[in-house]
Amino acid sequence: FIKDGRLRYVHNWVGREIHGVTSEGPVPAGSHELRFEFEPTAKPDMAHGKGAPGRLQLYIDGALVASADAPYTTPFMFNPGGVSCGHNPGSPVTPEYASPFKFTGRLEKVVVDVSGDLIVDSEAELRMHMARQ
């Protein structure tokens, strides 16, 4: 979601903890490709009710703009049929907004990829490594 001009992602772990990531700068005005990726970093701990830990990554136009680690995720699968875009009709995922928190921009296309395959963006990786130099 976007709040105060910044791209954000929040994972609400069974209503007890919130893990998230926020872009440092605002999303520029105009049309952009916004992307969130979750990259598992270890196996889930189902015996203790914890899903896989992983890296939360935000991209604007293919460039990595924020990354944070979540120590664990929800230990069960979500039904993609319950996913909404542009608003949150149910309980808010985070106290950062009140439902329905409707997006006032225009969504051109939404893609949800649950294949488990990581998206490889060589140019973005090169930009990230160059930025660290």
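Refer to the preceding data block for the structure.
Ranked by size, the top nonpolar core spans eight residues in total: L7, V21, V27, L56, L58, I60, A66 and A70. Sorting the residues of this core by element identifies β5 (54–60) and β6 (63–70) as the ones contributing at least two each. Top contributing element to this core by residue count: β5, with three residues. For L56, the contacting residues outside a window of four places in its chain are Y9, H19, G20, V21, F36, E37, F38, A66, S67, A68 and A70.

Alignment of β5 against β6, held across seven bridges, turns out to be antiparallel. By the bridge assignment for β6, Y59 is matched with L64. Linking two consecutive strands that pair antiparallel, namely β5 and β6, is a turn of two residues; a positive phi of about 55° is found at D61 within it.

Our focus in this paragraph is the pattern of salt bridges. According to the stated counting rule, one finds seven salt bridges in the structure shown. E33 is the partner of R35 in a salt bridge, and the nearest nitrogen-oxygen pair spans 3.8 Å. Here E108 ties to R106 by a salt bridge, and the two come within 2.8 Å at their closest N and O atoms. According to the relative accessible area criterion, E108 is exposed, its value standing at 61%. One network of salt bridges, with partners in common, ties together D4, R8 and E96.

The next thing to look at is the packing of aromatic side chains. In this description, an aromatic ring pair is defined by two values, namely the gap between the centres and the angle between the planes. Tallying each qualifying case throughout the model produces five aromatic pairs. Between the aromatic rings of Y9 and F36, the centroid separation amounts to 3.7 Å while the plane-to-plane angle is 10°, which identifies the pairing as stacked. Residue Y9 is located in strand β2 (residues 6–13), and its partner F36 is located in strand β4 (residues 34–40); the two are separated by 27 residues in the primary sequence. An aromatic cluster is present here, built from F1, Y97 and F101 joined pairwise through their rings. The aromatic ring of Y59 is capped on one face by R35, whose charged end is 4.0 Å from the ring centroid.

Before going further, it helps to examine the sheet that holds β2. Spatially, β1-β2-β3 is the arrangement adopted by the three strands of the open sheet, whose pairing is antiparallel. Of all strands in the sheet, those with a lone pairing partner are β1 (2–3) and β3 (17–26), marking the two edges. Of the strand pairs in this sheet, β1 and β2 are connected by two bridges, and their pairing is antiparallel. Bridge pairing links K3 to R6 in β2.

Before going further, it helps to spend a moment on the pairing of β5. Sheet faces and side chains relate simply in a regular strand, where the side chains alternate between the two faces. In terms of burial, β5 is largely enclosed, as six of its seven residues are buried. Of the pairings in the sheet, the one linking β4 to β5 comprises seven bridges and is antiparallel in character. By the bridge assignment for β5, E37 is matched with Q57.

Moving on: a nonpolar patch on the surface. Where nonpolar side chains cluster on the molecular surface, the patch consists of F103, L107, V110, V112 and V114 and spans about 480 Å² of accessible area. Mapped onto the fold, F103 is located in the loop between β6 and α1 (122–131).

Criteria and cut-off values
- Residues numbered from 1 in each chain as written.
- Predicted model: local features only at pLDDT ≥ 70, side-chain atom pairs only at ≥ 80, totals over all residues.
- Heavy atoms only, no water.
- Core = buried A, V, L, I, M, F, W, Y, C linked by side-chain atoms within 4.5 Å.
- Buried < 20%, exposed > 50% of the residue type's maximum accessible area, 1.4 Å probe, protein only.
- Helix = DSSP H or I, 4+ residues; strand = E, 2+ residues; numbered from the N terminus.
- Contact = heavy atoms within 4.5 Å.
- Pairing = 2+ DSSP bridges.
- Salt bridge = Lys/Arg side-chain N within 4 Å of Asp/Glu carboxyl O.
- Phe/Tyr/Trp six-rings, centres within 6.5 Å; stacked < 30°, edge-to-face > 60°.
- Lys NZ or Arg CZ within 6 Å of the ring centre and 35° of its normal.
- Patch = residues over 30% accessible without salt bridge, like charges linked within 9 Å, V, L, I, M, F, W, Y side chains within 5 Å.
- Areas by Shrake-Rupley, 256 points an atom, 1.4 Å probe, with all protein chains shown as cover.

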